[in-house]
Amino acid sequence: MNKHYNIIVVGAGHAGIEAALAAARIFGRRNDKKRVLLLTGDLKTIAHMSCNPAIGGLAKGHLVREIDALGGEMGVAADLTGIQFRRLNMSKGPAVRATRCQSDRNSYMKHMREVLSKAPLLDVKEGLVDEILVKEGKILGVKLQSGAEVISDKVIVSTGTFLNGLLHFGMDHIEGGRIDDFTSKGLSKSLMSLGFQLGRLKTGTCPRLKSKMINFSVMNRQDGDKEMPNFSFRGVGHPLPQLPCFMTYTNGETHEIIKAALGRSPLFSGKIQGTGPRYCPSIEDKIFRFADKTRHQLFIEPEGLDIDEVYVNGLSTSLPKDVQIEMVRTISGLENAEIARWGYAVEYDYAPPTQLYATLETKLIKGLYHAGQINGTSGYEEAAAQGLMVGINAARSLIDEEPIILSRSQAYIGVLIDDLVTKGTNEPYRMFTSRAEYRLILREDNADMRLSELGHKIGLLDDEQYERFSEKKSTIEEYLSELRKNRRKRTNQRTNEPTHEVKEAVDIEIKYEGYIKMQTDHLERLKRLEQLKLPLDFDYDLVNGLSNEVRAKLKEIRPSTLAQASNISGITPAAVSILMVYLKSGRRDSA
Amino acid sequence: MGDNTITAISTPPGVGAIGVVRISGPEAKDILKRVWTSSHISVDKCVTHRMYYGNIVDNIIENVGKPQVIDNVLAVFMEAPNSYTGENLVEIHCHAGAYLTERILNLIINAGARPAEPGEFTKRAYLNNRMDLLQCEAVADVIGASSERSLKLAQEQLSGRLSDEIAKIKTALKEIKASVEATIDFPEEDIEMINQCGIKEKIESIRFETDKLSSTYSEGRLLREGVKVVIVGKPNVGKSSLMNLLLGSERVIVHDTPGTTRDVIEEHALIGGISFMLIDTAGIHDSVCEIEKMGIIKTRLKLSEADLTIVVLDAASGVDKKDEDVLSETKNIPRIVIVNKSDKGLNVADLKFDLKTSAATGDGIDNLKEMMTGFVTKKHKSEAGDSIITRQRHKNSLEKISVSLELATKSIENKESAEFVACHLQNAMDSLGELTGEITSDDVLNEIFSKFCIGK
């Protein structure tokens, strides 16, 4: 480890990896001499999937495809290490179809380790960061637990659930950010001393069972799709053998056991302070809230090709160990199951993301960025998306380029970051398609059309991939215009028969035209609002007609555009109109 | 600090017993201190919402040499957010002399307030979430009410009745949309598909409600704006006499010579608590007299703007060509056909008429009044207690909602994917937001608030 780097990334989880790779690759393509350091508390757990060994799903799959379209790594990793691939919502429209895969946990980690080691200008080192070093409101570097100091121009904190992490097994708890893993206490203290507000969140994981003792024959088998969908646009293929999942259910007996033990659940006894995710409730939560449901669905997911363990998706819990084994054994097919890893709840510090700009740079300390679960998100995909943008923006700020801020009309990544920094979150934030106003436009199938041009421009998408993209794009445009001209002639006399991918893309474009036109007014307005910039030191007191509440909110969030302002909760459209008039009139009314 | 505290005279201009000057904004209290003193209490000690007796003092030495008492007034300070505007609000109740009130206003402006624009106080109430847009409109309607029923309607809207109904529709729509969204974002849960959980029926039921509300506009508009009633008929059938009876006063000149009513005469009548604008016209007939020709052009113009027309014929003298001309000119307008002078006989063959009257005896006038109010209230089947909408803006939004809901229903029938249904539902909810002002645009706001008086 050197004493000086240009960018330090703290934490090698899904966010940290994308950040480090993005920055290193951007520097690499310019033959820059800038260097990136990726620090992890434990080299063995880089890219570890803390709970579900799966990538994608509704809205999450969308994020992964966007990451890939921009030149990030997650899509490739998922394709290369996936052991089951499916497309969800196939009976529904293209905007809400999503790709999902089960991953071989170890292969995924191995792939990421290799990619990281191959990346130029990137050092991956083990070391726990205890303190953020700051000088006069600007980042200076980090101090490790060992006492060593490393100086850097930019620091990205992507520590996941490791800030003051507490693991709960029933009423027992131990310190840790993840099972068998350390926790970081100094870093929380350091952030607070710098003036950051911290909150507390929680999330749970499901128990893992030994595959040997499971009776799969009584369960419903779920295979992947015969035609395996891809996350990545680069066509890396799916080299690993495929495995099925299995479906089973809890039953009345299971529920009785859980009900009897609710008092010993840290959730219900109020022992856990943090707020949990509403839509990923623990099994005890589900029993309590949906009392009249006689059974809950469970998915038995393979952890990997050489791992003799399965993950019981849907059984997230922090009940005591004896309750866990008892309840598992009431489930059909799991009567003789043995626990390989207990389910547990983890409680951790997070830094409310309204303390960040849309670039994910903190407002308090120049050059300090936060990405991933520390911002209150849940999910590997949400973390990776933030990591990618942070890596890009931190790098660009060092090469004198404008930051990239994606619009809500451009990508789910844009929706994600805008929601976080503008509205904040009090519970683990998960992406849903319903969060996107422009859901019909932000589809999995057109992620490259929306973002690859940009990915190439910023230097992340390599030339080869860009070539393929450009060709696909022009083929689609040609085909589309041909069809529009000869509306009836779907069979054409082109020399090259367009690929299935192209045909599908065009099909969708045409089908959605009417709906997209409907959204055009909205879109136009959004674009206008995005172009109206609000300087950081804008004096809201000078604007007549704003309520005190609105003023306070604007001063707190300091939105960078009028579009962001309009998304702040409590900012009325009337207030936006007033700001618009004020900005356009060039402040001539403040007599 | 920006000029955020506004002031205006809130009472009508001119002379009166009491004038009210309002000051609203963060500086209201400080400004009060600069212009008002009381011998028995200081402004800081004043309790909120309480009136205190004191003096307006002109402290500006250039004006008067030494501090001069301008007026004895009552002043009240209302602390935010419990005031009309939701800001700190001061009211000064002074003697309403034309010069005096202006002088007091100028003192306040010198002390740091800015003259308010039309409707600006109410606009601030809206911006500070004290009232929604529907209630703001109702304020204007209460002030402008010219009849019992329009006042009642305005008060109901001001109390939030219509807003509550809109809120109910919004909640219902939100629930449906949430169900639809759940089927999209949670494909692995066993959530029933749209077709099974009666979503289509729920949407149709909401659409029924919004259409019903929308249909109240025809009545609501008339109640609020008043009914324009044009009285037509050939000369000398007794139009003016009838009008006088409806007005209950002798406003119109009545002579035996045809063509007496040269001008179009408009008078406001209150009948059954509803405001009617009665428009008496010159007859429609060929005339060589220039003045009469002008009158006839005016009549035709009024007819084109009329909500209702009363066609008057002479019962005794039968139906002639001129009558037929009148009848054919009015056949596409809602009308009441009256045969007047029924005391002198009935000689109209097989003419279909609505009412027999005699302006001379007063016979049939009460029936006429009933028919006129019935014209307004029978426009749609509303039960007592239904909300009524009164503005074109409301109707436009409700129509948009109806279209969106219809599209949503069609989407479901065509088995289109859930995200399309959700899209239409979102559009419906946006249109709902336009009604209460949650979603609005500059032009709509300007349109509404510019019609207020200054000081409101």
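Residues numbered from 1 in each chain as written. Chains lettered and ligands numbered in written order. Predicted model: local features only at pLDDT ≥ 70, side-chain atom pairs only at ≥ 80, totals over all residues. Heavy atoms only, no water.

Caption draft 1: Seen up close, the interface of chain A and chain B. The interface of chain A with chain B comprises 41 residues on the first partner and 35 residues on the second. Along the contact surface separating chain A from chain B lie one salt bridge. Among the salt bridges present, the one from arginine 439 of chain A reaches glutamate 181 of chain B, with a minimum N-O distance of 2.7 Å. Between chain A and chain B we count eight residue pairs in polar contact (both at pLDDT 80 or more) in total. Those elements giving two or more residues to the side of chain A that touches chain B turn out to be strand E4 (82-88), strand E16 (297-302), helix H13 (500-531), helix H14 (548-557) and helix H16 (573-584) of chain A. The dominant element in the side of chain A that touches chain B, judged by the number of residues it contributes, is H16 of chain A, at six residues. Here the side of chain A that touches chain B is built from residues that sort into 19 nonpolar, 13 polar and nine charged. (Contact = heavy atoms within 4.5 Å. Salt bridge = Lys/Arg side-chain N within 4 Å of Asp/Glu carboxyl O. Polar contact = N/O pair within 3.5 Å; in protein donor to acceptor, adjacent residues only side chain to side chain. Helix = DSSP H or I, 4+ residues; strand = E, 2+ residues; numbered from the N terminus. Nonpolar A, V, L, I, M, F, W, Y, C, P; charged D, E, K, R; others polar.)

Caption draft 2: Structural detail: the packing of H13 of chain A against helix H15 (residues 418-436) of chain B. For the pair H13 of chain A and H15 of chain B, the least separation of the axes is 12 Å and the interaxial angle reads 25 degrees. Viewed along their axes, H13 of chain A and H15 of chain B adopt a mutual orientation that is roughly parallel. In this structure, H13 of chain A meets H15 of chain B at a crossing whose hand is left-handed. Residues Tyr512, Tyr515, Met518 and His522 of chain A of H13 of chain A touch H15 of chain B, and the partners they reach there are Glu419, Phe420, Cys423, His424, Asn427 and Asp430 of chain B. (Axes fitted to C-alpha atoms, helices over the stretch in contact; angles between N-to-C directions. Parallel < 35°, antiparallel > 145°, perpendicular 65-115°, else oblique. Left-handed = near helix turned anticlockwise from the far one by under 90°.)

Caption draft 3: Quick peek at the confidence of the model for chain A. Residue and element names in this part refer to chain A. Residues of chain A with pLDDT of at least 70 account for 97%, and the chain-wide mean is 90. Across chain A, element-level confidence peaks in strand E20 (residues 368-370) with a mean pLDDT of 98 and bottoms out in H16 with 79. Across residues 587-591, where pLDDT falls below 50, the model places eight contacts with residues more than four positions away in sequence or in other chains. (pLDDT = per-residue confidence, 0-100.)

Caption draft 4: Quick look at the sheet that holds strand E3 (residues 54-56) of chain A. Residues and elements named next belong to chain A. Read across the sheet, three strands follow the order E3-E5-E4 without closing on themselves; strand pairing throughout is antiparallel. With one partner strand each, in any of the chains shown, E3 and E4 form the two edges of the open sheet. On average, adjacent strands in this sheet sit at an angle of 20 degrees to one another, irrespective of strand direction. Where helix H3 (residues 74-81) meets the sheet, it contacts E3, E4 and strand E5 (98-103), and its direction lies at approximately 115 degrees from that of E4. (Pairing = 2+ DSSP bridges.)

Caption draft 5: Broad picture of the pairing of strand E5 (residues 68-78) of chain B. Residue and element names in this part refer to chain B. Pairing analysis gives eight bridges linking strand E4 (residues 51-58) to E5, with the strands arranged antiparallel. Pairing of valine 57 across the sheet is with valine 69, part of E5. In terms of strand pairing, E5 meets strand E6 (residues 89-96) through five bridges, oriented antiparallel. Within E6, the residue paired with alanine 75 across the bridge is isoleucine 92.

Caption draft 6: How the structure looks around the domain arrangement of chain B. Here the domain parsing of chain B yields domain 1 (6-121), domain 2 (135-216 + 388-437) and domain 3 (224-377). Distance from the C-alpha centre of domain 1 of chain B to the C-alpha centre of domain 2 of chain B: 44 Å. (Domains from an automatic or database assignment.)

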